[in-house]
Amino acid sequence: MASFILKAAGALVAAGAIGIGGWSFATGWHPAASQYPLQGLDLPENPGAIEWGTVRARGADFAYLVATSGRDRRDPGFEANWSAVPDAGLRRGAVHLYSLCQPGADQANAFNAFVPRTADALPAAVDVDYRADCTARPDRADLVRELRTFITMVETHTRKPVLLRLSKPVESEYTISAAIERPVWATANLFPPAYAARAWRMWRASDIRRIDGIEGPVNWDVVAP
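Residues numbered from 1 in each chain as written. Predicted model: local features only at pLDDT ≥ 70, side-chain atom pairs only at ≥ 80, totals over all residues. Heavy atoms only, no water.

**Focus on the overall build of the protein chain**
Link 1 in the chain: Of regular secondary structure, the protein chain possesses 7 helices and 9 strands.
Link 2 in the chain: Dimensions of the protein chain, computed from C-alpha atoms along their principal axes, come out at roughly 75 × 40 × 35 Å.
Link 3 in the chain: Residue burial in the protein chain is summarised as follows: out of 225 residues, 45% are buried.
Link 4 in the chain: Within the protein chain, contacts between residues separated by at least 24 positions form 63% of all contacts whose residues are at least 6 apart in sequence.
Link 5 in the chain: Computed over 24 positive and 24 negative side-chain charges, the separation of the two mean positions in the protein chain equals 4 Å. (Helix = DSSP H or I, 4+ residues; strand = E, 2+ residues; numbered from the N terminus. Buried < 20%, exposed > 50% of the residue type's maximum accessible area, 1.4 Å probe, protein only. Contact = heavy atoms within 4.5 Å. Lys, Arg positive; Asp, Glu negative; His and termini not counted. Charge placed at Lys NZ, Arg CZ, Asp CG, Glu CD.)

In structure tokens:
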């Protein structure tokens, strides 16, 4: 009996070690730099304090920051991070979280009024996903029309083409990438995504990576070679 208990305890310890090792691998993993030389991160709303110099030292080339959400939310940390990112040697880009409940023109006005036009900025990104604060599901033609309005207004402001960050559920239902010819930013952990109508230009490869300089998991992205 004692020997059985010892064996069982050993098996549990081994399983725990495997689990810890697997989680450590998952949170530290990123696509090979030899295959994807340009890598960086994108932050959610209200990301908290960031040590940008440490983030740069850990291999990030760029950072995308949420600036606005819908027509009435501005991220409180955006302006400070927007200034700090280039000082640390990273390139910077702004993200708008698109609302299916609000007109595209109103959302573009909010973004353009908040995000400065700077020559060194990466193309702005519009994130299209289902969100808890909006249950609307517009017709495809209506959504495409409103998104085109948003994109035209933002591109007039930034003078650069907008990136389409499309969640798999939204793209599966609306096939936005087939209707709007803009670079696609797709998301899928570990394995390159293939759900958009066109090849992705940016890939969020992990949403659980941990790096020094940021508390909690980060979204890690690569640019297509």
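**Some points on unusual backbone geometry**
Link 1 in the chain: Look at Asn46: it is not a glycine, yet its phi comes out positive at around 50 degrees.
Link 2 in the chain: Tracing the chain through its elements places Asn46 in the loop between strand S1 (39-42) and helix H2 (52-57).
Link 3 in the chain: A residue is classified by how much of its surface remains accessible, and Asn46, at 52% relative accessible area, is exposed.
Link 4 in the chain: A positive phi angle, near 65 degrees, is found at Arg159, a position not held by glycine.
Link 5 in the chain: Within the secondary structure, Arg159 is located in the loop between helix H5 (140-158) and strand S6 (163-166).
Link 6 in the chain: The exposed category is assigned to Arg159, whose relative accessible area is 63%.

**Description of the pattern of salt bridges**
Two side chains that carry opposite charge are able to pair once their charged atoms sit near each other.
Link 1 in the chain: For the coordinates displayed, the defined rule picks out 12 salt bridges.
Link 2 in the chain: Between Asp42 and Arg165 there is a salt bridge, with its nearest N and O atoms 3.2 Å apart. Of this pair, Asp42 sits in strand S1 while Arg165 sits in strand S6, placing them 123 residues apart in sequence.
Link 3 in the chain: Looking at Asp42, the relative accessible area reads 0%, which means it is buried.
Link 4 in the chain: Looking at Arg165, the relative accessible area reads 4%, which means it is buried.
Link 5 in the chain: A salt bridge links Arg204 to Asp42, with the shortest nitrogen-to-oxygen separation between them at 2.7 Å. Remark: Asp42 occurs in strand S1 and Arg204 occurs in strand S8 (residues 200-209); sequence separation between them is 162 residues.
Link 6 in the chain: Three or more residues are tied together by salt bridges with common partners; here these are Asp42, Asp127, Arg131, Arg165 and Arg204. (Salt bridge = Lys/Arg side-chain N within 4 Å of Asp/Glu carboxyl O.)

**Focus: the state of the cysteines**
By definition, a disulfide links two cysteine residues through a covalent bond between their sulfur atoms.
Link 1 in the chain: Enumeration according to the criterion identifies 1 disulfide in this entry.
Link 2 in the chain: Disulfide partner of Cys101: Cys134, at an S-S distance of 2.1 Å. On the sign convention where negative is left-handed, the bridge of Cys101 and Cys134, at about 100 degrees about the S-S bond, is right-handed. With Cys101 in the loop between strand S4 (91-98) and helix H4 (104-114) and Cys134 in the loop between strand S5 (125-128) and H5, this pair connects stretches of sequence that are 33 residues apart. (Disulfide = S-S within 2.5 Å.)

**Some remarks on the packing of H4 against H5**
Link 1 in the chain: In contact at an axis separation of 8 Å, H4 and H5 are set at 25 degrees when each is read in the N-to-C sense. It follows from the interaxial angle that H4 and H5 lie roughly parallel. Seen along the crossing, H4 lies across H5 with a hand that is right-handed. Of the residues in H5, those touching H4 at Gly104, Ala105, Gln107, Ala108, Asn109, Phe111 and Asn112 are Glu146, Thr149, Phe150, Met153, Val154, His157 and Thr158.
Link 2 in the chain: Here the residues of the contact of H4 with H5 sort into 6 nonpolar, 7 polar and 1 charged. (Axes fitted to C-alpha atoms, helices over the stretch in contact; angles between N-to-C directions. Parallel < 35°, antiparallel > 145°, perpendicular 65-115°, else oblique. Left-handed = near helix turned anticlockwise from the far one by under 90°. Nonpolar A, V, L, I, M, F, W, Y, C, P; charged D, E, K, R; others polar.)

**A short note on the pairing of S4**
Link 1 in the chain: For S4, the buried fraction is high: 7 of the 8 residues fall into the buried class.
Link 2 in the chain: Summarising the sheet, strand S2 (residues 62-69) and S4 pair through 7 bridges and their orientation is parallel. Bridging across to S4, Tyr64 finds its partner in Gly93.
Link 3 in the chain: Pairing between S4 and S5: 4 bridges, direction parallel. Looking across to S5, one finds that Tyr98 is bridged to Val128. (Pairing = 2+ DSSP bridges.)

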